[in-house]
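Each chain, written out:
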Number of protein chains: 4
Amino acid sequence: MARAIRSNTAIDPDDVTVAYVGGGSRQWAPNLIQDLAQSGLNGRVRLYDEYHESAKRNARFGNWVQSREDAVADWTYEATESLAEALTGADVVVLSTQYDPAETFVHDLDVPKRYGIYGAVSATIGPGGIMRAMRTVPLYREFATAISEHCPDAWVFNYTNPVHFVTRALYHEYPGINALGLCHEVLGTRHRLARYARDHLGMADATREDVSVNVKGINHFTWVDEARCKGVDLWPTLEELRDGEEGNRTFTGEDLADESVFVDNWQVTWELFRRFGVLPAAGDRHLVEYATWFIQGGKEELNRWGVKRTGSDYRAKHWTPAESDQTTDVEAWMAGDREFELTESNEVFVDIAEALAGDGTYVTNVNLPNVGQVTDLQNDAVVETNAIVRAGAVKPIAAGGFPRPVRALLRGHVETIETVIEAAADGDLDAAFEGFLIDQQVRTLQTEDARELFAELVDAQREYLEAWDLEGSTVLAESSACSID
Amino acid sequence: MARAIRSNTAIDPDDVTVAYVGGGSRQWAPNLIQDLAQSGLNGRVRLYDEYHESAKRNARFGNWVQSREDAVADWTYEATESLAEALTGADVVVLSTQYDPAETFVHDLDVPKRYGIYGAVSATIGPGGIMRAMRTVPLYREFATAISEHCPDAWVFNYTNPVHFVTRALYHEYPGINALGLCHEVLGTRHRLARYARDHLGMADATREDVSVNVKGINHFTWVDEARCKGVDLWPTLEELRDGEEGNRTFTGEDLADESVFVDNWQVTWELFRRFGVLPAAGDRHLVEYATWFIQGGKEELNRWGVKRTGSDYRAKHWTPAESDQTTDVEAWMAGDREFELTESNEVFVDIAEALAGDGTYVTNVNLPNVGQVTDLQNDAVVETNAIVRAGAVKPIAAGGFPRPVRALLRGHVETIETVIEAAADGDLDAAFEGFLIDQQVRTLQTEDARELFAELVDAQREYLEAWDLEGSTVLAESSACSID
Amino acid sequence: MARAIRSNTAIDPDDVTVAYVGGGSRQWAPNLIQDLAQSGLNGRVRLYDEYHESAKRNARFGNWVQSREDAVADWTYEATESLAEALTGADVVVLSTQYDPAETFVHDLDVPKRYGIYGAVSATIGPGGIMRAMRTVPLYREFATAISEHCPDAWVFNYTNPVHFVTRALYHEYPGINALGLCHEVLGTRHRLARYARDHLGMADATREDVSVNVKGINHFTWVDEARCKGVDLWPTLEELRDGEEGNRTFTGEDLADESVFVDNWQVTWELFRRFGVLPAAGDRHLVEYATWFIQGGKEELNRWGVKRTGSDYRAKHWTPAESDQTTDVEAWMAGDREFELTESNEVFVDIAEALAGDGTYVTNVNLPNVGQVTDLQNDAVVETNAIVRAGAVKPIAAGGFPRPVRALLRGHVETIETVIEAAADGDLDAAFEGFLIDQQVRTLQTEDARELFAELVDAQREYLEAWDLEGSTVLAESSACSID
Amino acid sequence: MARAIRSNTAIDPDDVTVAYVGGGSRQWAPNLIQDLAQSGLNGRVRLYDEYHESAKRNARFGNWVQSREDAVADWTYEATESLAEALTGADVVVLSTQYDPAETFVHDLDVPKRYGIYGAVSATIGPGGIMRAMRTVPLYREFATAISEHCPDAWVFNYTNPVHFVTRALYHEYPGINALGLCHEVLGTRHRLARYARDHLGMADATREDVSVNVKGINHFTWVDEARCKGVDLWPTLEELRDGEEGNRTFTGEDLADESVFVDNWQVTWELFRRFGVLPAAGDRHLVEYATWFIQGGKEELNRWGVKRTGSDYRAKHWTPAESDQTTDVEAWMAGDREFELTESNEVFVDIAEALAGDGTYVTNVNLPNVGQVTDLQNDAVVETNAIVRAGAVKPIAAGGFPRPVRALLRGHVETIETVIEAAADGDLDAAFEGFLIDQQVRTLQTEDARELFAELVDAQREYLEAWDLEGSTVLAESSACSID
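Residues numbered from 1 in each chain as written. Chains lettered and ligands numbered in written order. Predicted model: local features only at pLDDT ≥ 70, side-chain atom pairs only at ≥ 80, totals over all residues. Heavy atoms only, no water.

(A) Up close: the overall build of chain A. On a plain count of helices and strands, chain A comes out with 19 helices and 13 strands. For 485 residues, the compact-globule estimate of 2.2 N^0.38 gives 23 Å, and chain A sits close to it at 22 Å. C-alpha atoms of chain A, sized along the principal axes, occupy 60 × 60 × 55 Å. Of all 485 residues assigned to chain A, the portion counted as buried reaches 67%. A fraction of 73% describes how many contacts in chain A between residues 6 or more apart in sequence connect residues 24 or more apart. Carbon and sulfur atoms form 44% of the exposed surface of chain A, whose accessible area is close to 16,100 Å². (Helix = DSSP H or I, 4+ residues; strand = E, 2+ residues; numbered from the N terminus. Rg over C-alpha atoms; globule rule 2.2 N^0.38 Å. Buried < 20%, exposed > 50% of the residue type's maximum accessible area, 1.4 Å probe, protein only. Contact = heavy atoms within 4.5 Å. Areas by Shrake-Rupley, 256 points an atom, 1.4 Å probe, with all protein chains shown as cover.)

(B) Structural view of the interface of chain C and chain D. Residue-level contacts link 38 residues of chain C with 38 residues of chain D. Between the two partners, chain C and chain D, sit two salt bridges. Residues Lys395(C) and Glu226(D) are paired through a salt bridge, measuring 2.4 Å at the closest nitrogen-oxygen approach. The interface formed by chain C and chain D holds eight residue pairs in polar contact (both at pLDDT 80 or more) in total. When the residues that make up the side of chain C that touches chain D are grouped by side-chain class, the tally is 17 nonpolar, 13 polar and eight charged. (Salt bridge = Lys/Arg side-chain N within 4 Å of Asp/Glu carboxyl O. Polar contact = N/O pair within 3.5 Å; in protein donor to acceptor, adjacent residues only side chain to side chain. Nonpolar A, V, L, I, M, F, W, Y, C, P; charged D, E, K, R; others polar.)

(C) Seen up close, the relation of the copies chain D and chain A. Rotating chain D by 180 degrees and moving it 0.0 Å along the rotation axis overlays it on chain A with an RMSD of 0.0 Å. Accordingly, the operation relating the two chain copies is best matched by a two-fold axis. Ranked by how close their C-alpha atoms come to the rotation axis, the residues of chain D are headed by Thr444(D), at 3.3 Å. Looking at chain D, 100% of its interface residues are interface residues in chain A too, so the copies touch through the same face. (Least-squares fit on C-alpha atoms with pLDDT ≥ 70 in both.)

(D) Region of interest: the pairing of strand E13 (residues 393-396) of chain D. Residues and elements named next belong to chain D. Alternating residues of E13 divide into Ala393 and Lys395 and Val394 and Pro396, and every residue in both groups is buried. The sheet contact formed by strand E12 (residues 382-390) and E13 spans four bridges and is antiparallel. Pairing of Ala387 across the sheet is with Pro396, part of E13. Hairpin connection from E12 to E13: two residues lie between these consecutive antiparallel strands, with Gly392 at a positive phi of about 75 degrees. (Pairing = 2+ DSSP bridges.)

(E) Summary view of the interface of chain D and chain A. Counting residues at the interface gives 38 residues for chain D and 38 residues for chain A. Seen at the junction of chain D and chain A, the total is twelve salt bridges. Of the charged contacts, one joins Glu415(A) and Arg411(D) as a salt bridge, the two residues approaching to 3.5 Å between their closest N and O atoms. Where chain D meets chain A, there are 26 residue pairs in polar contact (both at pLDDT 80 or more). Taken together, the elements giving at least two residues each to the side of chain D that touches chain A come down to helix H10 (267-276), helix H16 (404-426), helix H17 (429-437), helix H18 (447-460) and helix H19 (474-478) of chain D. Sorting elements by how many residues they give to the side of chain D that touches chain A places H16(D) first, with ten residues. A class-by-class count of the residues in the side of chain D that touches chain A yields 14 nonpolar, eight polar and 16 charged.

(F) Representation of the relation of the copies chain C and chain D within the structure. The two copies are related by a screw motion: chain C maps onto chain D through a turn of 180 degrees and a shift of 0.1 Å along the axis, at an RMSD of 0.0 Å. When the interface residues of chain C are mapped onto chain D, 100% of them again fall at the interface, so both copies present the same face.

(G) Molecular detail of unusual backbone geometry. All names here are of chain B. The amide bond that connects Asn161 to the next residue, Pro162, takes the cis arrangement and shows omega of -5 degrees. Locating Pro162 in the fold gives a position in the loop between strand E5 (155-158) and helix H6 (163-173). In this structure, Lys230 takes a positive phi of about 50 degrees despite not being glycine. Relative to the helices and strands, Lys230 resides in the loop between strand E8 (221-229) and strand E9 (232-233). The class of Lys230 is partly exposed, set by a relative accessible area of 40%.

(H) Expanded view of the side chain of Thr104(A). Residue and element names in this part refer to chain A. Tracing the chain through its elements places Thr104 in helix H4 (residues 102-114). For Thr104, a relative accessible area of 0% gives the class buried. If we ignore the near neighbours within four places in the chain, the residues touching Thr104 are Arg135, Gln461 and Tyr464.

(I) Main features of the nonpolar core. Within the largest apolar cluster, 131 residues are counted, with the highest numbers of intra-cluster contacts made by Met134(A), Phe276(A), Met134(D) and Phe276(D). Non-local contacts of Phe276(A), meaning those with residues more than four positions away in its chain, are made with Trp223(A), Trp293(A), Pro403(A), Pro405(A), Val406(A), Leu409(A), Glu434(D), Leu437(D) and Ile438(D). With 130 residues, the next largest nonpolar core counts Met131(B), Leu377(B), Ala424(B) and Leu470(C) among its residues. (Core = buried A, V, L, I, M, F, W, Y, C linked by side-chain atoms within 4.5 Å.)

(J) Inspection of the packing of aromatic side chains at higher detail. This model, assessed by the stated rule, comprises 92 aromatic pairs over all chains. Here the aromatic rings of Phe61(B) and Phe340(B) are separated by 5.9 Å at their centres, their planes lie at 85 degrees, and the arrangement is edge-to-face. Of this pair, Phe61(B) sits in helix H2 (residues 52-66) while Phe340(B) sits in the loop between helix H14 (325-335) and helix H15 (349-356), and the two are 279 residues apart along the sequence. Residue classification places Phe61(B) among the buried positions, given a relative accessible area of 0%. For the ring pair Tyr196(D) and Trp270(D), a centre distance of 5.9 Å and an interplane angle of 55 degrees mean the geometry is tilted. Here Tyr196(D), found in helix H7 (residues 185-200), pairs with Trp270(D), found in helix H10; they are 74 residues apart in sequence, far enough to count as distant. As far as the burial class goes, Tyr196(D) and Trp270(D) line up, both buried. An aromatic cluster is defined as three or more aromatic residues linked by ring pairs; in this entry it consists of Tyr20(A), Trp28(A), Phe157(A), Tyr159(A) and Phe349(A). (Phe/Tyr/Trp six-rings, centres within 6.5 Å; stacked < 30°, edge-to-face > 60°.)

In structure tokens, the structure reads:
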């Protein structure tokens, strides 16, 4: 029988136990703390992190926020020293942690570049994304096992990238898990569609919440084939924009010089919409990693679409746990050095949790194993569609299929993901290389260059690849780039 | 590309045009009129009926209701003389009409009985149900064609039985149609589950709306594998009831003597739950037509499960258009001979229409072509699951699959339905007989007896089977029961 | 990757080791011995049987045959006392043994009859066939395990009924097995088609070998949709026969009084051909167990089609190992009491083995897991189609699909088979009952009667059902027919 | 019902009518004439060609050959002026013609090269192959229509490239056609495997006929996962060769300077075998068009694998109908200027035709719509596997599936082919461009460069693309490379 996601016990809104793995986070944890303080839920949060001190700081911050008058909900925070302690009896588990340091991300970007692959983000697919998956998946398999032991029915929210790989690994390891993969990209598309409704349809107050889409695909490569704002079909407007000035802008490196790496000019989106008739629903910088035409050539060819490449310097800076503006905030807020105002983040976590606890019906996009919500992608692959959340249940909404060419693109990536997931179950590095080799970015290399690239990346990150059989790998043995012998 | 159900234009809540085919109805039309008068929608209703006078009477009643002070919405009613007139420009179409007279239903029940088939209702599957489908499907193909011409984007609500056959025929004829098949049975199950929650879980105020289920199957043969009331899992309670006195009652004909034919003691439901681990979600009298063990034997064997057979005398009386208590009501209400109080029916029609017009998110069970919402039944077969209704869109919720034995039962019926639908497209009576022959009820006959039964039914109803090629049929030619030559 | 059947080593025609499990057989073993003596293969045969004496007698007979001048091939025979000894290093394994005694077959026929089920053979499907499967499958799972240990690449020929259940069990237990299920029924159909070619197409010398068919289905329920004799299409002839006297004969019990239970008048075949347009390819007495219309009613209703019911007295007599005419032959031949003439049987075993050993290309029908040779039945179900045999390889021929109604019949039986096979893996009697309950013959009973029938059969045969969890069964506990507690 | 390939009438070996479309061929026709003269078949051949004079010359040659004493079979030849005349009543149709002149093939090679795509042959996939398909498919749709009218049951042998596109188009246009796509590549692999058996297994006399393979894929991209020579498993030998010197040779342009473009050093084959565990079964020059890693970089990178790029000068010379050595032969032979010796070609055409006419069982690789012979590629896609040929029937052999990464490569190409075939049915150039854009070779370009490449190719070949809607194409309108307006 196809498995339905179910929890035997609904969440009691007045007694929720949250286990937060990666609870030392500098940005997401403070946001969550504030969201919970203003929610309809009450309970306790256990923060667990490899960096225990960071978890303790966030626990202090959480309790500090709760001491404020404008904290309407009732929550307590504590940092736990073990994963098991955090998980035991949890109703909700948040997974949001990356142990491997910034330097690995630098490799993910820079090594492929030397082989001629100009990934824009290199974080969820392509050689960098696959390496990240290979480092992350074994750890998340362990999390899945721990969840199956300590809180088998808990609702698990995975925020860790690559979301499709990681969420798939959770289910592959523990098929009974109630895990959701979450991501902002589709929310961003709805946000932008609301802007178009305001600007072109006279809906002055339209917001993301007013925009409904039929969305489907895999994380960071989702597609929309219906979009409405307050019920009004946005398709004619989108087609007009695509064919007019908005959909046909070009950029130079100079134009983008002062922009953040997150700049999104939607020119990749418009071009894909023009070619295939359906609208991509992820940032352009992610799309180009999956629809790889746009990263062919070099920097200028990518910039032409209004996309900036994520420089490895950016990565190095922003992933360093030691320092960030955000860190300063928490301590500063508590010390009174900076004014604190309780604000709501844009996250849907609390919305989902409230709906699970019985507060009405909530619809949002989530990543779940395919049980039919997406046509023509294999069962069990983790796909992203809308889902409906109600008391004790999350159910994906059947979103249908794709134009054949889009289906072809999607299937290609699913094959890579599934190949790597299966390889990871055995720690079989040669099998993982097969998935690497058929990746759309890697296919611009000769097989031998692909092998060298792979070996070089593995060699550089070997300390984060302990779950893999490096010694037994013939691919590494063939390689001249690898110092492993 | 797998088709998504879509309407290019959302419904404007202040300007809705409803075409009601079968608008002379004595019961459903007055209910709809009252529901609309209390709804958040405004517009006009065009009533079309083969019996134009009945439509005119309902139009008068509709406008009479609107003249009352407690009618908060603004609606006008008119009866149209042609289908085209009713449909042109409609936003919503209601299909609820059966042209063939009561005597055909008498045949559907009595002729198979003479061959030893004790169908309890004989209205949606089995020899009687198939005959009804054969009479009804050609007409609804015509409706589908008319809709494609006059209001191709309209939302079409089909209430006509057999809902799976009829809704399938609408899509088979006009694949672009936005049609929903609607039925009460699952609502009845949720109603009963609410009662169990009140009686056994201390949820004193629980109602149908508090009960959520994961439901899937085909109309009148749907199954539930998750059920919650306000988020509380009902499964343990259901298992206890099944194993206790409630789930193990037996009945005699005498016990049921004073009961209506609609009596439902849930003993078939409990027995199927016991055997297969999932809970049927339709009235026992319908279930026994699909899970045919229960109609083996005779009257007492059926009564033992607390089910009464629908007598053909009941049919003859209740399907006669000329007279019914309900008719009297409308005239009596308008004449002031009977006191009128504006009441709400239990129908979900207005809830769905309001959600389509942008009033929030509504979830209910509907019959739609399978695009993946049900695993392991063929694509395009009309299946019943929950769907989510929002502004301008209805999307089925992915409900997963079935235990293998239940899947086997369902597939058998789908094969019959699909065989008959394809036969109807060509008017091929011999092909329809193949679907008849593999029907689970018919399989208790020898093939020659099945042929005679079929021929006799066709012969008796030939004037309602004009769309079929009776002359070219070898099955009829073989038969001694048939006077057609 | 879908598995291909392969042996790493081809059979060396001059050095073949055959393990014959059930080698004490009175009929099949002497035939095999004679066939091998006249074959292009040489080697040794190890006979293993629960009745070791029988195996020894056949070994003596084998060596006696080899001592004759007309034995052109070179074979030696020995009886082994253990299964392991027989299997170790075998190139070919023959499985043809049934341990449970004749009385179980009497139950299979007589107990269901008391409940109103008139199975004609009750040996491969229906309540009797399912019980036989339940007794046999656990034993054959053990054989599969032994083969995986002692001769993992051997070619395994399974002759034991129910062939579909048993062959499926071999693969379910040891997916790497190279097993073929073999049966005569399709050969019989080709034999009969050759007769029609002789009688109606003037092909005076046509034999079974001249007839080629496209065949597909499951064992004992196979269907032909192309048939040629020496390339001449037989379809027009078949349609003429079907519509004429040959295809429309009726019989009475009296007509059949002197016939053997194996009498086959093809009237079931013609009727199914008439109804569905494709030709069944198994004896009528088997067909009626799968196309159950023909066993509805009683003895006369079955006789009307020219089919005799296998009486349990016949079973009791012919399955008794102690005595049979055949036994006498072997001893008599060796003693010189009866004249012996070396003859060839009609079996295809030697033809297949010779082709596997490199002697050309051979095509015949075999039972294999579905890898695509049959459309629309599930993968891995054991299906019967033609296969091509060449040196070291057997590959099924892609035979396509079925008219929808025929597909519906086939799928129903596959669901039963798969349900029982999965139940057997766990020894779960309640799960097996689910497969029993959805069997087409059982569906003519009330569920409670079906349960009593099942319990009664299990109770009567409990000593052959040791692999099943009888104590834990709720079905038995519910039953009044069962003495197990 | 899944369609079975069938002819209602078997071929009468003494009265075969062959229609040869493209019968003016300089090489293949003389070969066929000689093969037929030595065959077991007799009849007449009608040669039809756009160049009627060429057909007449071959007819003269055919009759001249028949006048020789060593022509054991009895055949007559005539050239027909119309296609209809050639086809009417034909038992066998040979399709082997390409109307578009050599210059189009020059474009296919040279234009993509200017955009950086170094296709090695550019004839069956990639931009050049797709253009060739776009020129050829409309013509072959016309052939299919003509066959459906004049000889609907004929056996149709398609030799025209791209075989997968063209054979698919025949079935897409006339689903009832009995067409086979034929190609030499797998025969070449078997030939080479025989050589390895001679060289490494001491089978001194091994030939192609002794080698059997389990082969599957699409034309020019087929894979072998079992290979035997006289039943002996070749896999261990292949693995040894792969890992030794044979499988690890490198080449320079200089090494290949004197080689023909058809040189095949199997280094691509070994590398793919090394990476994926299954053995490709087509010439390396074809493989690199599908497994595009090998054409990344430039000339030296391709030469490194022992593959030469087909120069457009070669194409220009060898495809000119006006002149070739072969032409001279026929005239010279008939004039007595050159000695003629009746020889047999290596073609399987006569073997297949003889088997169809009842002469035993023949097994060879053919291209047919997928009905299950290949797992995990879509139904109806034209795939290549072995098939068994017998009197009046060709049936594909179920060959199973692929390792996931190989499946991913194959599916990608099937998506392109199916997209173009569907586009051709409507003459929709923009839809064809979608198939072009997702081609693996094209994906190394930016979308705009791909568009320009496409437009430039279309523009250059517009006179051979009359079946396409060039005026309505938005892709052409967007393009600056296209002079069409």
